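Tertiary structure, described
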Amino acid sequence: GSSCCGGRFNDAWWSSDGETWTAATEDAAFPGRTVHASVVFDGKMWVMGGNRSYTSGNEFSDVWSSTDGITWMQETASAEFGPRYGHRAVVFDGKIWIIGGQDVAGSYGRSEVWQSTNGVAWTRVSEHAAFGGNANFQITEFQGALWKTGGREDRVFRSEDGVNWTIEQETAAFGDRQQHTTVVFDDK
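Bear in mind the structure is a predicted one, so any value in this text is a computation, not a measurement.

Cut-offs applied
- Residues numbered from 1 in each chain as written.
- Predicted model: local features only at pLDDT ≥ 70, side-chain atom pairs only at ≥ 80, totals over all residues.
- Heavy atoms only, no water.
- Pairing = 2+ DSSP bridges.
- Helix = DSSP H or I, 4+ residues; strand = E, 2+ residues; numbered from the N terminus.
- Axes fitted to C-alpha atoms, helices over the stretch in contact; angles between N-to-C directions.
- Salt bridge = Lys/Arg side-chain N within 4 Å of Asp/Glu carboxyl O.
- Buried < 20%, exposed > 50% of the residue type's maximum accessible area, 1.4 Å probe, protein only.
- 1 Å grid on protein atoms, 1.4 Å probe; cavity = no way out; pocket = protein on both sides within 12 Å on 5 of 7 lines; lining within 4 Å.
- Points joined across faces, edges and corners; volume = space filled by probe spheres on them.
- Nonpolar A, V, L, I, M, F, W, Y, C, P; charged D, E, K, R; others polar.
- Core = buried A, V, L, I, M, F, W, Y, C linked by side-chain atoms within 4.5 Å.
- Contact = heavy atoms within 4.5 Å.

Quick notes on the sheet that holds strand β13 (residues 156-159)
The strand order across the open sheet built from four strands is β11-β12-β13-β14, with neighbouring strands paired in antiparallel fashion. Edge positions in the sheet fall to β11 (138-142) and β14 (166-169), since each has one partner strand and no second. For this sheet the average axis-to-axis angle between neighbouring strands, irrespective of direction, equals 30°. Strand direction decides the pairing type here: strand β12 (residues 145-149) and β13, joined by four bridges, are antiparallel. When the sheet's bridge partners are listed, W147 is paired in β13 with R158.

Given below as structure tokens:
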């Protein structure tokens, strides 16, 4: 993450109750970053992409993994999805998926969809997803499909394969929304 004044962190913390926090490491092997993507997949925590500052040329395309939060291994220094930040990651259909993001400061043009079965080799399954290149949206796996909500708009999209996206709702009751989060709880 980042501090209020532009600093970037490369630490990892854990808690068993949400109240007491312990540093697994305060200096992970990966460089400090923000607006990266993280998932849990195949018994590991994964950190992908991000940036070290909001100026062009400071975007990462690396992928790191850890089984304990202390020791981090660089799986690749230059993933096929290219330098990007502000992207979303989700585990779906036995794969890690990278969706959208920015490739340079000020760009919101990415509507690509990438997938990987191992976090090292990445395949682009869609260059221009139907939801377009908006930013600050969320992706969630729910009821056997990927759901995209918000991103400077109030449309809701659904995909069962990451390639074909359909509008489930043209105007969601929650309105235009960005920089939110989504979770699945109690089958909702």
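Focus: the pattern of salt bridges
Applying the stated criterion to the full structure yields nine salt bridges. Residue D62 is joined to R33 by a salt bridge in which the shortest nitrogen-to-oxygen separation is 2.8 Å. Taken together, the residues D62 in the loop between β4 (44-48) and β5 (63-66) and R33 in the loop between β2 (22-25) and β3 (37-41) connect sequence positions 29 residues apart. Across the pair, exposure class does not vary: D62 and R33 are buried alike. Two residues, D93 and K95, come together in a salt bridge whose shortest N-O distance is 3.0 Å. What makes D93 exposed here is its relative accessible area of 56%. Through salt bridges with shared partners, one network takes in R84, E112 and R124.

Details of the layout of surface pockets
When its volume is computed, the largest pocket comes out at roughly 380 Å³. Lining the largest pocket we find 18 residues, and of these H36, G86, H87, R88 and Q138 sit closest to its centre. Breaking the lining of the largest pocket down by element, the ones donating at least two residues are β3, β7 (88-92) and β11. The element best represented in the lining of the largest pocket is β11, accounting for three residues. Tallied by class, residues from the lining of the largest pocket come to seven nonpolar, 10 polar and one charged.

Notes on the pairing of β3
Of the two faces of β3, the one holding A37, V39 and F41 is buried and the one holding S38 and V40 is not buried anywhere. In the sheet, β3 pairs with β4 via five bridges, with the strands oriented antiparallel. When the bridges of β4 are listed, S38 appears paired with V47. Here β3 folds back onto β4, and the loop between the two strands holds two residues, one of which, D42, carries a positive phi near 55°.

Quick look at the sheet that holds β4
One open sheet holds the four strands; their spatial order is β3-β4-β5-β6, and the pairing between them is antiparallel. Every interior strand has two partners, whereas the edge strands, β3 and β6 (73-76), have only one. When the angles between neighbouring strand axes are averaged without regard to direction, this sheet yields 30°. Here β4 runs beside β5; their pairing, made up of four bridges, is antiparallel.

Remarks on unusual backbone geometry
A positive phi angle is found at D42, which is not glycine, with a value near 55°. Along the chain, D42 turns up in the loop between β3 and β4. The residue Q143 is not glycine, and still its phi comes out positive at about 50°. Here Q143 lies in the loop between β11 and β12. Residue classification places Q143 among the exposed residues on the basis of a relative accessible area of 52%.

Here we look at the nonpolar core
In this structure, M48, F81 and W122 are the most contacted members of the largest nonpolar core, which totals 13 residues. Contributions of two or more residues to this core are made by β3, β4 and β8 (95-101). What M48 contacts, discounting residues up to four positions off in sequence, is H36, A37, S38, V39, D62, V63, F81, H87, A89, I96, I98 and W122. Counting residues in each nonpolar core, the second largest holds 12 residues, with I99, A129, L146 and W165 among its members.

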